[in-house]
Amino acid sequence: MADRIYLSPPHRTGEELAFLQQALETNYLAPVGPDLDAFEAEVGHCMGLPLGPRRLVALNSGAAALHLALLLAGVQAGDVVLCPDFAFIASAAPVVQLGARVCAVDAEYATWNMDPDLAEAALIRLQREGRPARALLVVHGYGRPARMDRFLELARRYGLVLIEDAAESLAATVLGQHTGTLGDFGALSFNGNKLITTSGGGMLCCARSEDAERALALATMARDPGPFYTHSFLGYSYRLSNLLAALGRAQLAALPARLAQKARVLEGYRQRLAGVEGVSFLPEPDPAWGTSNHWLTCILFDEPGSARGHARREAVRLALEREHIEARVLWTPLHRQPALPGLAQAGLVEGGAVADDLFARGLALPSGTTLTEADQDRVCDILVAAARG
Ligand SMILES: *Cc1c(COP(=O)(O)O)cnc(C)c1O
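Conventions adopted
Residue positions are given per chain, counted from 1 along the sequence in the order it is written. Only residues with pLDDT of 70 or above have their local features reported here, since the model is predicted, and side-chain atom pairs are shown and tallied only from 80 upward, although totals for entire chains, interfaces and linings are computed over all residues. In computing side-chain properties, one takes all heavy atoms of the structure into account and sets aside hydrogens as well as water. Note on pairing: DSSP must find at least two bridges between two strands before they are called paired. Under the scheme used here, helices are H or I runs from DSSP no shorter than 4 residues and strands are E runs no shorter than 2 residues, and both carry numbers assigned from the N terminus. Residue burial is assigned from relative accessible area. The probe radius is 1.4 Å, only protein chains are included, and a residue is buried under 20% of its type maximum, exposed over 50%, and partly exposed in between. Here Asp and Glu are counted as negative and Lys and Arg as positive; His is not counted, and neither are the chain ends. A pair is scored as a salt bridge if a Lys or Arg side-chain nitrogen falls within 4 Å of a carboxyl oxygen belonging to Asp or Glu. Here, two residues are considered to be in contact whenever any of their heavy atoms come within 4.5 Å of each other. The aromatic pairing rule takes the rings of Phe, Tyr and Trp, using the six-membered ring of Trp, and pairs them if the centres are within 6.5 Å, calling planes under 30 degrees apart stacked, those over 60 edge-to-face and the rest tilted. Here, a charge over a ring is recorded when the distance from Lys NZ or Arg CZ to the ring centre is within 6 Å and its angle to the ring normal is within 35 degrees. The disulfide criterion is simple: two cysteine sulfur atoms within 2.5 Å. For the purposes of this description, domain bounds are those given by an automatic or database domain assignment. Buried area is calculated as the accessible area (1.4 Å probe) missing from two parts once they are joined, with the contributions of both summed. Polar contacts, as used here, are pairs of N or O atoms within 3.5 Å; protein pairs need one atom able to donate a hydrogen and one able to accept it. Residues neighboring in sequence count only if both atoms are side-chain atoms. Each residue gets one label: Ala, Val, Leu, Ile, Met, Phe, Trp, Tyr, Cys and Pro are nonpolar, Asp, Glu, Lys and Arg are charged, and the others, such as Gly, are polar.

**Brief notes about the sheet that holds strand β6 (residues 173-174)**
As a general point, the strands of a sheet are linked pairwise by backbone hydrogen bonds and lie either parallel or antiparallel.
Right, on to step 1. One open sheet accounts for 3 strands, arranged β7-β6-β11; its pairing is antiparallel. What marks the edges here is a single partner per strand, and that holds for β7 (177-178) and β11 (290-291).
Right, on to step 2. With 2 bridges connecting them, β6 and β11 associate as antiparallel partners. Bridged to T173 within β11 is T291.

Set out below in structure tokens:
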């Protein structure tokens with residue numbers, strides 16, 4: 001039987017062991033150490049951040065980065081935060097866990113990310129209802145940048161804290177900057193299925209160094225300066241360990257190669273599926289405006305609202321599954337999440353038809369950077385046969 005093909009498995013560079021060995025031999029099993037500082041500095045360099053006061057804090061997950069961003073944004077119980085309806089639940093979960101409320105804003109077909117016109121409609125409506133939103137949480141889904149020009153303007157005009165969930169979009173750019181560096185806060189993830197991994201980790205990027213210093217304190221139990229175990233506020237244990245940062249340094253060196261490989265995976269699917277009727281891809285940004293990191297190659301079957309598109313998607317998904325190929329449906333819209341009941345009744349859903357449609361007709365294809373040409377042939381042979389029906 002052929003080997004299982006995974007959606008986006010980790011990809012070793014071969015340098016990991018040397019980095020880990022160095023950290024171990026110098027006894028930096030401690031929670032802090034030189035690799036942690038170096039990893040932050042190298043990520044900062046990669047993202048084009050200027051040297052100087054701290055902007056980045058390495059953390060043990062992307063979810064932790066989002067939690068700290070929301071805390072530093074001052075989001076409190078009862079506040080409303082605009083979130084994309086069509087995104088992984090990790091973006092919205094910390095909002096709800098803080099006791100705040102999510103307002104789910106539908107996607108647009110052009111980017112599959114939050115629709116800025118619907119976001120504005122929601123902001124106006126919430127203001128009129130006497131519950132103005134406090135923060136805007138934008139996700140760059142599947143590594144494809146969201147409409148940051150519009151969201152920066154909306155955040156300014158409506159006095160919102162702007163948080164970018166760049167967990168899937170490391171090294172993707174928009175308006176000449178790396179995603180995660182445009183808003184007040186940006187969250188990165190180094191989970192095993194992302195472009196590079198620390199086997200589990202994340203990073204918070206702050207526009208202001210005061211926020212980054214406060215994030216660092218919050219991530220390390222927030223002990224007051226001085227010799228005593230005295231705490232003026234309560235913190236968390238969210239810091240990335242030095243050992244995992246060492247792993248991250250080895251992985252980060254391969255980021256340019258990973259970007260090229262992800263782009264090649266997409267191109268390989270485009271070529272192989274060019275002749276298949278009714279298959280379209282997540283639209284690419286105009287390169288003068290932004291660049292995707294092509295985290296996952298995603299396709300849609302048939303036209304918006306098409307029942308045939310849903311049926312073909314299911315046929316393809318199941319055919320691939322039978323052949324031990326991991327393809328995944330796209331995100332379940334927030335407004336359909338059992339964990340978030342009553343959003344619509346509370347007037348906290350803006351639109352939703354596009355997210356429903358992407359959910360019904362979309363499929364994420366195996367997009368690992370270790371995917372071979374032969375793997376891709378195998379995936380596409382099965383896909384094409386099943387899509388014909
Ligand atoms: C992966 C991911 C996260 C969470 O990152 P972890 O490091 O797994 O906690 C958050 N948001 C989005 C959009 C993600 O894809």
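Having seen the model, we can carry on.
**Examining the side chain of D165**
Right, on to step 1. By the secondary structure assignment, D165 is in strand β5 (residues 161-165).
Right, on to step 2. Put simply, D165 is tucked away with no salt bridge, and the nearest opposite charge, on K194, sits 6.9 Å away.
Right, on to step 3. Beyond its immediate chain neighbours, meaning those up to four positions away, D165 contacts L66, S91, L137, V138, V139, H140 and A187.

**Quick word on the packing of aromatic side chains**
Right, on to step 1. Taken as a whole and assessed by the stated rule, the structure comprises 8 aromatic pairs.
Right, on to step 2. Centroid distance W112 to Y142: 6.4 Å. Interplanar angle 85°. Geometry classified as edge-to-face. Of this pair, W112 sits in the loop between β3 (101-105) and α5 (116-128) while Y142 sits in the loop between β4 (133-139) and α6 (148-158), and the two are 30 residues apart along the sequence. Comparing W112 with Y142 shows no difference in burial state: the two are buried.
Right, on to step 3. On the numbers, 5.4 Å between centres and 15° between planes, the contact of Y142 with W331 is stacked. Placement of the pair is Y142 in the loop between β4 and α6 and W331 in the loop between β13 (328-329) and β14 (349-350), with a sequence separation of 189 residues.
Right, on to step 4. Look at Y142 and you get buried, because its relative accessible area is 3%.
Right, on to step 5. Residue class for W331 comes out buried when judged on its relative accessible area of 18%.
Right, on to step 6. Above the ring of W295, the side-chain terminus of K194 is found at 5.7 Å from the ring centroid.
Right, on to step 7. Here the guanidinium or amino end of R223 rests over the ring plane of Y229, the centre of that ring lying 5.2 Å away.

**Concerning the state of the cysteines**
Right, on to step 1. Using the criterion set out here, one finds 0 disulfides in the structure.
Right, on to step 2. Between C46, a free cysteine, and C205, which holds the nearest cysteine sulfur, the sulfur-to-sulfur gap is 11 Å.
Right, on to step 3. For C46, a relative accessible area of 24% puts it in the partly exposed group.
Right, on to step 4. For the unlinked cysteine C103, the closest cysteine sulfur is that of C83, found at 8.6 Å.
Right, on to step 5. Among the residues examined, C103 registers a relative accessible area of 0% and is labelled buried.

**Some thoughts on the domain arrangement of the protein**
Right, on to step 1. Partitioning the protein into structural domains gives domain 1 (16-252) and domain 2 (255-388).
Right, on to step 2. For domain 1 and domain 2, the distance between their C-alpha centres works out to 25 Å.
Right, on to step 3. Facing 51 residues of domain 1, the contacting portion of domain 2 comprises 44 residues.
Right, on to step 4. Carbon and sulfur atoms make up 64% of the area that domain 1 and domain 2 hide from each other, which totals about 3900 Å².
Right, on to step 5. Interface area lost by domain 1 to domain 2 is led by Y109, W112 and Y142, which between them contribute 22%.
Right, on to step 6. Taken together, domain 1 and domain 2 are joined by 1 salt bridge.
Right, on to step 7. Remark: the boundary between domain 1 and domain 2 carries 27 residue pairs in polar contact (both at pLDDT 80 or more).
Right, on to step 8. Secondary-structure elements contributing two or more residues to the side of domain 1 that touches domain 2 are β2 (80-84), β3, α5, α6, β6 and α8 (242-252).
Right, on to step 9. Taken together, the residues of the side of domain 1 that touches domain 2 break down into 34 nonpolar, 6 polar and 11 charged.

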